[in-house]
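These are the residues of each chain, in order.
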Amino acid sequence: MKNIWVVLFCFISLFVQSQNEQLANNYFDRGEFEKALLSYEELVKVQPANFNYFIRTIECYQQLQQYDKAEKALIDRVAKYKQSNTIVELGYNYQLQKNLNKATKYYDECIDRISKNPTDVYSIAYQFEKRGLVDYALKAYQTALDKEPKFSFNYQMALLYGQKGDLDMMIEKFLTEAYVNPQNLVMIQNQLNRFMTEDSTVTFNDSLKKALLTRVQKTQDVFWNEFLSWFYVQNKEYGKAFIQEKAIYKRNPETFANIVNLAQLAVEENEPEVAKEILEFVLANTQDLDLQIQSHSYLMEMKIAKATEKDYPAIDAELDNLIKEFGVSPFSLSLLKIKAEFATFKLKNPELGKTILKNALEMPLDKYQIATLKMELGEVLLYEEKFNQALLYYSQVETDMHNDVLGQEASFKTAKTSYFKNDFEWANHQLKVLKSASTQLIANDALDLFLLISDNTVEDSTQVALKKFARADFLLFQNKTTDALAAFQAVLKEHKGEPIEPIALLRIGKIYEQQNDFTSALSQYKQIIDNHKECIYIDEALYFSAEIYNQQNNAEEAKPLYEALIMNHQDSIYFVNAQKKYRQLRGDKDI
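All values derive from a computational prediction rather than experimental measurement.

A. Up close: the packing of aromatic side chains. Tallied over the full model, the rule gives 39 aromatic pairs. Here the aromatic rings of Tyr 525 and Phe 544 are separated by 5.7 Å at their centres, their planes lie at 50°, and the arrangement is tilted. Residue Tyr 525 is located in helix α29 (residues 518-531), and its partner Phe 544 is located in helix α30 (residues 538-551); the two are separated by 19 residues in the primary sequence. The cationic tip of Lys 105 hangs over the ring face of Tyr 106; the distance from NZ or CZ to the ring centre is 5.2 Å.

This is the structure we're talking about:
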């Protein structure tokens, strides 16, 4: 019974102390330093050895400009506990009073302590960092390293050099740490990527590239080729990344995983020539069936994307030959999906598409493969305007893959199907949730569709223009481009001056782009730029126009469009690409 009372008493004491600490912290955070001081002094009485409580007491004295009290407490503390970090605080107390001679004396004493006992560096360097004394923190680490070379402070020193703005030394320390402790590589690359993203000039990128190239040239270690490949990928220079990956492969021909991933990135970033070169390299150098099928699938998708109707028979025959070569099995699922989609949307033969997908569903498949096929089957049924059947398949995927990106994609397709059906209220109900989807692409698409519906409902409660627009969008989904173009043009003519106008212009512009009618496309975008400066589609009109001029090597027309986007639309998803391309056109060094 006695033991129970002892435990209960300890528990109550800890609870009360925790409450007092929280109260003191709240006072301090709100700037009520007199109240905070009283609370911390009580806490120090209970736990005199607690450094955190003590240092907060000192900080309260300093905020209240009671430097004499702080000095006395610090001197007493040094005498009693001999803690080196307290000496840093004593020096900092003098620095606050503009007494730099005395401050320097105590700082130097701390450095001297490290030279005598290098393990003191941990508490001293931390305290220097905490007080923003970057040069002294670096000196502390370097002094310890001079005495104990086995210590490793590359990461800490890199961060400090970054604070100083000494980017070359920061890079040097980060790269050294990455090589010595490769388990920290991802963490270091995240830090470097932050500077690559945030740096307002290309200086950092140039310095990092130069440092990596120097290491690649000086050593045969593939570690640096891999690091340089990562750098080029961050800058979306996939061709240069491929050169490094080939160098890695020559020395370690065991895996193609990174090369295939690189090809996928090139496809996603609309770099078809680079992607094709990479995939052909894979096909020429591997006997792995999975990699061969994957590479052929990417190549066929790119071929279909740029094909015209006269190319369809040859593509259809090539797909049939590939399926015959690799067989109908779970391994060739990607080719079967491409064939089903091609048959439906290009050859206008949805019955063949459904047959391929339903037969594939009879094979022994995993959960993800089944969901992928059901999604594709939903697309074919949607093409046939069998909305409810399509919704059924999407709902199944949504339920079975609710914790996966595929589940979110199915949710978006459900919302879009409701939009095509003109069930706008239900579509927006689903889109509200998807606006915060974990996948940025789905979140952006959901937000775009949500705004389209919302903006064109406020002034037109009957949603006449929106219904016509949704029908035109559906024709575009069915790949009936000519009919879709006519439908969008009818919307533009019949609802000029209404909120639907700028998005109709944007859709028409994209169709003209796909038809390589760039003059007409630019004309549509220019109407948005000139007449709809406040609309949410202005950044797209600027970027798409700039891209056309850039591809035509017309830098004088492209530059002001990129610049307008950069200056006025920093929240645009095209901002980073526009910034990079503007710098290149301006004549900056390659990044």
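B. The arrangement of the confidence of the model for the protein in detail. Mean pLDDT over the protein stands at 92; residues scoring 70 or higher make up 95%. Counting interchain partners and residues more than four positions distant, the pLDDT-below-50 stretch residues 4-16 has 0 contacts.

C. Quick look at the environment of Gln 264. The residue Gln 264 is located in helix α15 (residues 257-268) in this model. Under the relative-accessibility criterion, Gln 264 is labelled partly exposed at 28%. Sequence spacing of Gln 264 and Ser 454 is 190 residues, and the spatial spacing of their C-alpha atoms is 35 Å.

D. Structural context of helix α4 (residues 67-81). Between its terminal C-alpha atoms α4 stretches 21 Å, which fits the 21 Å expected from 15 residues at 1.5 Å a residue. Restricting attention to buried positions, one finds in α4 the residues Tyr 67, Ala 70, Glu 71, Leu 74, Arg 77 and Val 78. The arc that holds every buried residue of α4, seen down its axis, measures 130°, which confines them to one face. Residues Asp 68, Lys 69, Lys 72 and Lys 80 are exposed on α4 and point more than 90 degrees away from its buried face. Buried residues belonging to α4 abut α3 (51-63) and α5 (84-96). With its phi angle positive at about 55°, Lys 82 sits one or two positions after the end of α4.

E. Looking closely at the nonpolar core. Core analysis: the biggest nonpolar cluster contains 95 residues, and Tyr 419, Leu 431, Leu 452, Ile 453, Phe 469 and Ile 500 have the highest contact counts within it. Per element, the largest residue contribution to this core is 8 residues, and it comes from α30. With residues up to four places along the chain from it excluded, the contact list for Ile 500 reads Leu 452, Asn 456, Ala 465, Leu 466, Phe 469, Val 491 and His 495. Tyr 40, Tyr 94, Cys 110 and Ala 211 belong to the second largest nonpolar core, which has 90 residues in total.

F. Structural detail: the packing of helix α14 (residues 238-251) against helix α16 (residues 272-285). The N-to-C vectors of α14 and α16 enclose an angle of 15°; their axes lie 10 Å apart at closest approach. Taken together, α14 and α16 sit at an angle that is classed as roughly parallel. The handedness of the crossing between α14 and α16 is left-handed. Packed against α14, whose contacting residues are Tyr 238, Gly 239, Phe 242, Lys 246 and Tyr 249, the element α16 presents Val 274, Glu 277, Ile 278, Phe 281 and Asn 285 at the interface. Per-class residue counts for the contact of α14 with α16 are 6 nonpolar, 2 polar and 2 charged.

G. View of unusual backbone geometry. Positive phi, close to 65°, is recorded for Lys 98, a residue that is not glycine. If you trace the backbone, Lys 98 turns up in the loop between α5 and α6 (100-116). One non-glycine residue, Lys 236, adopts positive backbone phi at about 60°. For Lys 236, the position within the fold is in the loop between α13 (222-234) and α14.

H. Inspection of the packing of helix α23 (residues 405-420) against helix α24 (residues 424-434) at higher detail. Between α23 and α24, the shortest axis-to-axis distance is 7 Å and the interhelical angle comes to 155°. By the criterion of interaxial angle, the relationship of α23 to α24 is roughly antiparallel. The handedness of the crossing between α23 and α24 is left-handed. From α23, Gln 408, Ser 411, Phe 412, Thr 414, Ala 415, Ser 418 and Tyr 419 reach across to α24, where they touch Phe 424, Trp 426, Ala 427, Gln 430, Leu 431 and Leu 434.

I. Representation of the pattern of salt bridges. What the rule picks out here adds up to 29 salt bridges. A salt bridge links Glu 318 to Lys 303; the shortest N-O distance between them is 3.0 Å. Taken together, the positions of Glu 318 in helix α18 (residues 312-326) and Lys 303 in helix α17 (residues 289-305) put the pair 15 residues apart, joining distant regions of the chain. Residue Glu 547 pairs with Lys 581 through a salt bridge whose shortest N-O separation is 2.9 Å. Here the residue Glu 547 occupies a position in helix α30, and Lys 581 occupies one in helix α32 (residues 575-586), the gap between them amounting to 34 residues.

J. The arrangement of α18 in detail. With 15 residues, α18 extends 21 Å between its outermost C-alpha atoms, agreeing within 8% with the 21 Å of an ideal straight helix rising 1.5 Å per residue. The complete set of buried residues in α18 reads Tyr 312, Ile 315, Asp 316, Leu 319, Leu 322, Ile 323 and Phe 326. The buried side chains of α18 occupy one side of the element, clustering within an arc of 125° when seen end-on. Turned more than 90 degrees off the buried face of α18, the exposed positions are Pro 313, Ala 314, Asn 321, Lys 324 and Glu 325. At the exit of α18 stands Gly 327, carrying a positive phi of roughly 80°.

Rules used throughout
- Residues numbered from 1 in each chain as written.
- Predicted model: local features only at pLDDT ≥ 70, side-chain atom pairs only at ≥ 80, totals over all residues.
- Heavy atoms only, no water.
- Phe/Tyr/Trp six-rings, centres within 6.5 Å; stacked < 30°, edge-to-face > 60°.
- Helix = DSSP H or I, 4+ residues; strand = E, 2+ residues; numbered from the N terminus.
- Lys NZ or Arg CZ within 6 Å of the ring centre and 35° of its normal.
- pLDDT = per-residue confidence, 0-100.
- Contact = heavy atoms within 4.5 Å.
- Buried < 20%, exposed > 50% of the residue type's maximum accessible area, 1.4 Å probe, protein only.
- Expected span 1.5 Å × (residues − 1).
- Arc of directions from axis to C-beta.
- Core = buried A, V, L, I, M, F, W, Y, C linked by side-chain atoms within 4.5 Å.
- Axes fitted to C-alpha atoms, helices over the stretch in contact; angles between N-to-C directions.
- Parallel < 35°, antiparallel > 145°, perpendicular 65-115°, else oblique.
- Left-handed = near helix turned anticlockwise from the far one by under 90°.
- Nonpolar A, V, L, I, M, F, W, Y, C, P; charged D, E, K, R; others polar.
- Salt bridge = Lys/Arg side-chain N within 4 Å of Asp/Glu carboxyl O.

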